[in-house]
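Chain by chain, the residues:
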Amino acid sequence: MPKTIDLLTELISYNSSDKKSANETIMFCHDWLEKEQLQPEILTNDGYKMLICEVGKGKHKLVLNGHVDVVSGKPHQFTPKIKDGKVYGRGSADMKSGVSAMMVAMSELQHINLGDTTVQLQLVSDEEIGGKHCAAYLTEEGYLGDFVICGEATQLGIGFQAKGILQFDITIEGESAHSSRPWEGENAIAKALKLHENILALPFAQASTEIYDKPSINLAKISGGDVYNKVPDICEVSYDIRYLPSQDYEDILSQIKGITDGTIQLHLIGPAVKNDAENRHIKNLANTIKETLGSVDVAIFGQHGFADTRYFSRFGVPAIEFGPTGAEWHGDGEYVEIDSVESYKDILVNFAQHFTNK
């Protein structure tokens, strides 16, 4: 098996779905890189470990960013299985295949003249729970660069934009009454359901761009009522809205506040990723993918979810998602295609070699 796949199967065997085990996985990566004659450094913030490793001495910096943490899985998913050209297991696609390819790429790049380029590997341990302890910390501490590749599985395409995230709760008040005479009260649950329909009709919900048909609006939770024979006077609804790069979350909140007398409590706000497809590094990466794989059409698209790219983009650093071919991440049948992992590693090496020359 290729070096990338041997490393990937070792990484999958770590159940890195909590802080302790994710930290242990970071230390495994540290030891592996040291055995490859590299000089990784461990940083810690809020108890979460991160790894930084560099090759090259140039003033232009390419950042390879990966996360070793995974969502929880069933016990058998942490015993990797290889079948029909695929590696199955928790984290195989999201995103230990990207991490293994980046690590092997670093071991190869240390022996190549990179000219005026420095390549920095960043491995973090909390992306699946929001990234505020690692990627947020790293970017605030100045670990940025000229261009960032986050190794999420993208089928070897380039996710050059990503929707922003806006999560909030709305507490809606009604008026209680006996359920045999509901007209004497105001049903807070019914009021919440009507509000949902009105939110879907707001201007922001109808917006689109060349990349996205519309924002994503999920009524994620609803809680109200306590007994059968009473009209509920309180209802809380929780929303997860992924808004377009062209939109402003404050405008979205303003539109919603305009149609409800409920109380809004913010839970999470994350900026959209707004890269231009004409960015020279994105165009050069697309050309490198074509050169490495042969004449293929490279998909350049917008992501509906979000990754650690958003922490770099808030500082004006172009950051994209680009990784191997896989499927069912967070699912029971998660897998990555073996050939794509090797191809991904080769693309990273080729791109880094010519990062400042193209």
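Residues numbered from 1 in each chain as written. Predicted model: local features only at pLDDT ≥ 70, side-chain atom pairs only at ≥ 80, totals over all residues. Heavy atoms only, no water.

Where an unreviewed UniProt entry is consulted, the chain appears under the name M20 family peptidase, with the organism given as Staphylococcus gallinarum. UniProt, in its Cofactor (unreviewed entry) section for the chain, records the words "Zn(2+)". (UniProt positions renumbered as here; feature names shortened; annotations may be inferred.)

1. Some remarks on the overall build of the chain
Per the secondary structure count, the chain includes 10 helices and 17 strands. Dimensions along the principal axes, computed over C-alpha positions, put the chain at roughly 80 × 45 × 40 Å. Expressed as a percentage of the 358 residues in the chain, the buried residues total 52%. A fraction of 79% describes how many contacts in the chain between residues 6 or more apart in sequence connect residues 24 or more apart. (Helix = DSSP H or I, 4+ residues; strand = E, 2+ residues; numbered from the N terminus. Buried < 20%, exposed > 50% of the residue type's maximum accessible area, 1.4 Å probe, protein only. Contact = heavy atoms within 4.5 Å.)

2. Considerations on the state of the cysteines
Applying the stated criterion to the full structure yields 0 disulfides. In this structure C53 is a free cysteine whose sulfur lies 11 Å from that of C29, the closest cysteine sulfur available. Of all cysteine sulfurs in the structure, the one in C134 sits closest to C150, which takes part in no disulfide; the separation is 13 Å. Under the relative-accessibility criterion, C150 is labelled buried at 1%. (Disulfide = S-S within 2.5 Å.)

3. Side note on the side chain of S125
Topologically, S125 is positioned in the loop between β6 (117-124) and α4 (135-140). Judged by its relative accessible area of 3%, S125 is buried. Polar contacts involving the side chain of S125 include one to the main-chain carbonyl oxygen of K49, which spans 2.8 Å. Those residues in contact with S125, other than ones at most four positions away along the chain, are A22, N23, I26, Y48, K49, V68, D69 and C134. (Polar contact = N/O pair within 3.5 Å; in protein donor to acceptor, adjacent residues only side chain to side chain.)

4. Topic: helix α10 (residues 338-353)
Here α10 contains 16 residues, and its C-alpha end-to-end distance of 23 Å stays within 8% of the 22 Å for a straight helix at 1.5 Å per residue. For α10, the full list of buried residues reads I338, S340, V341, S343, Y344, K345, I347, L348, V349, F351 and A352. (Expected span 1.5 Å × (residues − 1).)

5. So, the packing of aromatic side chains
All told, the structure shown has 6 aromatic pairs when counted by the stated rule. Across the ring face of Y335, the terminal group of K86 is positioned such that the distance to the ring centre comes to 4.3 Å. (Phe/Tyr/Trp six-rings, centres within 6.5 Å; stacked < 30°, edge-to-face > 60°. Lys NZ or Arg CZ within 6 Å of the ring centre and 35° of its normal.)

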